[in-house]
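Chain residues, written in single-letter form:
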Amino acid sequence: LAQATAAQAARSLPPTISTEPLANMPSKRRNNGRSKHGRGHTAIVRCSNCARCVPKDKAIKRFQVRNMVDASSQRDLRDASVYATFMLP
């Protein structure tokens with residue numbers, strides 16, 4: 001008799017735990033913020049700001065084009081240059 005009641009107590013759950021399956025949570029993005037479709041794994045890249053490891057397909061890629069020489073130095077070089085049509089890269 002003691003064994004039967006112990007087994008029933010083990011099977012019964014506390015009232016706070018539900019046995020119903022959990023409802024699916026809503027998804028914020030259709031692609032979950034990744035462009036990985038069909039690939040199981042992607043390489044990691046390091047964040048240039050904080051060095052965090054981020055999957056390559058999830059990283060926000062920004063290509064910054066900067067002048068090699070600032071504006072005041074460009075003006076000085078243009079004035080000192082022999083060639084009138086010379087353009088700095």
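Preceding block: the structure.
Every value quoted in this text rests on a predicted model; they were computed, and no experiment measured them.

Chemist: Describe the overall build of the protein, listing the residues and the values that go with them.
Modeler: Secondary structure summary: the protein contains two helices and two strands in total. Moving toward the C terminus, one meets the helices and strands of the protein in the order α-β-β-α. Evaluated residue by residue, the protein yields a buried proportion of 4% over its 89 residues. A sequence separation of at least 24 residues applies to 11% of the contacts in the protein between residues at least 6 apart. Carbon and sulfur atoms make up 56% of the accessible area of the protein, which amounts to about 9000 Å² in all.

Chemist: Could you give an account of a nonpolar patch on the surface, naming the residues involved and the relevant values?
Modeler: Residues Val82, Tyr83 and Phe86 make up a contiguous nonpolar surface patch of about 410 Å² in total accessible area. Relative to the helices and strands, tyrosine 83 resides in the segment after helix H2 (71–80). The class for tyrosine 83 is exposed, based on a relative accessible area of 62%.

Chemist: Which residues make up unusual backbone geometry, and what are the values?
Modeler: Residue asparagine 32 is not a glycine yet carries a positive backbone phi of 55°. Structurally, asparagine 32 is set in the loop between helix H1 (2–11) and strand S1 (44–46). The phi torsion at alanine 51 lies on the positive side, around 65°, for a residue other than glycine. Residue placement: alanine 51 occurs in the loop between S1 and strand S2 (53–55). By relative accessible area, alanine 51 is classed as partly exposed at 36%.

Chemist: Describe the pattern of salt bridges, with residues and values.
Modeler: Applying the stated criterion across every chain, the model contains one salt bridge. Its salt-bridge partner being arginine 34, residue aspartate 57 comes within 3.0 Å of it at the nearest N-O pair. With aspartate 57 in the loop between S2 and H2 and arginine 34 in the loop between H1 and S1, this residue pair connects regions lying 23 residues apart in the sequence. According to the relative accessible area criterion, aspartate 57 is buried, its value standing at 10%.

Chemist: Could you give me a rundown of the side chain of threonine 42, with the residues and numbers involved?
Modeler: Its location among the elements puts threonine 42 in the loop between H1 and S1. Exposure remark for threonine 42: the relative accessible area of 11% places this residue in the buried category. Reaching out from threonine 42, the side chain makes a polar contact with the side chain of arginine 34 at a distance of 3.2 Å. When neighbours within four sequence positions are excluded, threonine 42 is seen to be in contact with Arg34, Lys36, Pro55, Lys56 and Asp57.

Rules of the game
Residues numbered from 1 in each chain as written. Predicted model: local features only at pLDDT ≥ 70, side-chain atom pairs only at ≥ 80, totals over all residues. Heavy atoms only, no water. Helix = DSSP H or I, 4+ residues; strand = E, 2+ residues; numbered from the N terminus. Buried < 20%, exposed > 50% of the residue type's maximum accessible area, 1.4 Å probe, protein only. Contact = heavy atoms within 4.5 Å. Areas by Shrake-Rupley, 256 points an atom, 1.4 Å probe, with all protein chains shown as cover. Patch = residues over 30% accessible without salt bridge, like charges linked within 9 Å, V, L, I, M, F, W, Y side chains within 5 Å. Salt bridge = Lys/Arg side-chain N within 4 Å of Asp/Glu carboxyl O. Polar contact = N/O pair within 3.5 Å; in protein donor to acceptor, adjacent residues only side chain to side chain.

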